[in-house]
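# Examining the three-dimensional arrangement
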Amino acid sequence: MTTAPMTAGKRHSDVVILGGGSGGYACAIRAAQLGLSVTLVEADKVGGTCLHRGCIPTKALLHSAEVADSARTSEQFGVRASFDGIDIAQVHAYKNGTVERLYSGLQGLLAQHKITIVNGYGTYAGGQSIDVDGTRYTGTSLVLATGSYPRELPGIELGRRILTSDQALELDRVPTSATVLGGGVIGVEFASLWRSFGAEVTIVEALPRLIAAEDPWSSKQLERAYRKRGIVCKTDTKIVSAKEAADSVRIELGDGTIFDTDLLLVAVGRGPRTEGCGFEENGISLDKGFVVTDERLRTSVDGVYAVGDIVPGLALAHRGFQQGIFVAEQIAGKDPIPVAEHLIPRVTYSHPEVASVGLGEVAARTQYGDISTVVYDLAGNGKSQILRTTGGIKVIRRRTRGPVVGVHLVGDRVGELIGEAQLAVAWEALPDEVGRFIHAHPSQSEALGEAMLALAGTPLHAHG
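What you are looking at is a predicted structure, and each value in this text was computed from that prediction instead of being measured.

Glancing now at the sheet that holds strand β13 (residues 249–253). Strand order in the open sheet formed by three strands is β12-β13-β14, with antiparallel pairing between adjacent strands. The outermost strands of the open sheet, each flanked by one partner alone, are β12 (239–244) and β14 (258–261). Strand after strand, the sheet turns through a mean of 20 degrees between neighbouring axes, direction not considered. Where β12 meets β13, five bridges bridge the pair, whose relative direction is antiparallel.

Here is the structure:
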């Protein structure tokens, strides 16, 4: 989408937003819906990391990986097919086509709402103003939404074979072997798709378990599934050095192990993109690079808000969406209710998937003391057996008769169940209340219902 440059009389808007990613464009659209004039400043493409270098392209690759696995195992389902390999050019064409269609749709939405797009690198200039290539744009309110970047590790130099997720998304070949440094969400997702594409994969994680932000039960389920898939998981292990050669990367681990790998992915998380943005120099308080806000996302400067990955907490696109909408409504004079961080659903799109909402068992015990938990194995669920997936659903309730405070799911496609789980936790539902819902048969949603019935003490499909 192209927009004419703003004239001098149009350089002030009700809302100026720095950054057109998930939080920024959601804020822009909602503010426009509420009748405010909006200017959105973006150095690259609207949609940000999520659309162009994160959520959408990685999940497209993961779907290609799922298709590859289906082709390999087709005979188990009575379908004669053959797996002849990965056409990486066609994989990228599919991935990029998905991104382009969504990008085009987003551009149309912004145009429909008459949002002014300023293409250029903006820096905060104090007050409620942004400087873009020497031109000053001011707003009655200003929203900072500059997003995040892939973190690197000191001493490990990026190159042709040592990559971050940004470069890995455009890799023009399937590696013969890949080592993933970091067992968080990004790391386990790339490990999953590369294994499905045929690579030998090793994950190196300094913490004692994979996906350490999830409940330990979920970590154990994922690690067990990965071992069955042939993915090597070296947890509680640090990397000492990684040196790139002409045809490999030589890696030395803290336990003395030395080995060569075709490719090394540095997936040690993402950091807030605040350096070089003029924030701290002009009065915006930072803490370890993150923008300091109150519970209503107000910064240390009056009339200036921050949303998305630059605000401490979960680095998730849907969190950015919610915060952008929240700030727009607040600026427009509404009285929106902040969403608690633990009520934000979390999904890792690996094979199998991991999803959760609410508190893990450790956090629940810390907060409430007395809790009850139950795990329902997907082996008892008809649809999961049809899909040939393993895993389970863990539900946590306060005391023995209190509401649901956490739901944790592991298994293929369980991310689609997180909506009902979120409602149960956010509305403080009792397990027997959710258990009384009628879940379609056969569906994986039945497993969530069965877990709730079990926690209520009235299990149906239970042996013994």
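Averaged over every residue, the pLDDT of the protein chain is 95; the share at 70 or more is 97%. Counted against residues more than four places away or in other chains, residues 1–9, with its pLDDT under 50, gives 11 contacts.

Before going further, it helps to examine unusual backbone geometry. Looking along the chain, the bond that leaves H351 and enters P352 is cis, with omega of 5 degrees. Turning to its location among the elements, P352 is positioned in the loop between β20 (346–348) and β21 (353–358). Its identity is not glycine, yet R388 carries a phi of approximately 60 degrees, on the positive side. Turning to its location among the elements, R388 is positioned in the loop between α10 (382–387) and β23 (392–398).

Turning our eyes to something else, we now look at the packing of helix α1 (residues 22–33) against helix α8 (residues 317–331). The geometry of α1 relative to α8 is characterised by a closest axis approach of 7 Å and an angle of 35 degrees between their N-to-C directions. Between α1 and α8 lies a crossing whose hand is right-handed. Along the contact surface, α1 presents S22, G23, Y25, A26, C27, R30 and A31, while α8 presents A317, G320, F321, G324, I325, V327, A328 and E329. When its residues are assigned to classes, the contact of α1 with α8 shows nine nonpolar, four polar and two charged.

Right, let's talk about the pairing of strand β15 (residues 263–266) for a bit. Regular strands place their side chains on alternate faces of the sheet. Every second residue of β15 is oriented toward a common face, with L263 and L265 on one face and L264 and V266 on the other, all of them buried. The pairing of strand β9 (residues 177–181) with β15 spans four bridges and is classified as parallel. Within β15, the residue paired with L181 across the bridge is V266.

About the criteria used
Residues numbered from 1 in each chain as written. Predicted model: local features only at pLDDT ≥ 70, side-chain atom pairs only at ≥ 80, totals over all residues. Heavy atoms only, no water. Pairing = 2+ DSSP bridges. Helix = DSSP H or I, 4+ residues; strand = E, 2+ residues; numbered from the N terminus. Axes fitted to C-alpha atoms, helices over the stretch in contact; angles between N-to-C directions. pLDDT = per-residue confidence, 0-100. Contact = heavy atoms within 4.5 Å. Left-handed = near helix turned anticlockwise from the far one by under 90°. Nonpolar A, V, L, I, M, F, W, Y, C, P; charged D, E, K, R; others polar. Buried < 20%, exposed > 50% of the residue type's maximum accessible area, 1.4 Å probe, protein only.

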